[in-house]
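# Architecture and fold: a report
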Amino acid sequence: MAEEKKKNWFTSLFTDREWDTDITKVIGFGIVVAGIVGFFMEKSDFQWLMAFGSGLIATGKFSKEG
């Protein structure tokens, strides 16, 4: 009998139905972290990093190929 893995909110960002880690989601998360750092360092246009990284996470999460 296959053991069910319990998802939490953090690992579900990087995994999908097959529980594989996709490079698109990992890079997207890194870009979002860079945007958050830019916010706290008061850099201009940090929101573009946040939007781009979030887009990568979303497309990697919900696409059939990713």
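Look up: the structure comes first, before these words.
Below is a summary of the structure that appears in this document. (Residues numbered from 1 in each chain as written. Predicted model: local features only at pLDDT ≥ 70, side-chain atom pairs only at ≥ 80, totals over all residues. Heavy atoms only, no water.)

The next thing to look at is unusual backbone geometry. Positive phi, normally seen in glycine, also occurs at Glu 42, with a value near 60 degrees. Within the secondary structure, Glu 42 is located in the loop between helix 2 (23-40) and helix 3 (46-62). Positive phi, close to 60 degrees, is recorded for Asp 45, a residue that is not glycine. Checked against the element boundaries, Asp 45 lands in the loop between helix 2 and helix 3. (Helix = DSSP H or I, 4+ residues; strand = E, 2+ residues; numbered from the N terminus.)

Quick look at the packing of aromatic side chains now. Tallied over the full model, the rule gives two aromatic pairs. When the centroid spacing of 5.0 Å and the interplanar angle of 70 degrees are considered together, the rings of Phe 39 and Phe 40 count as edge-to-face. Aromatic ring contacts, followed pair by pair, group Phe 39, Phe 40 and Phe 46 into a single cluster. (Phe/Tyr/Trp six-rings, centres within 6.5 Å; stacked < 30°, edge-to-face > 60°.)

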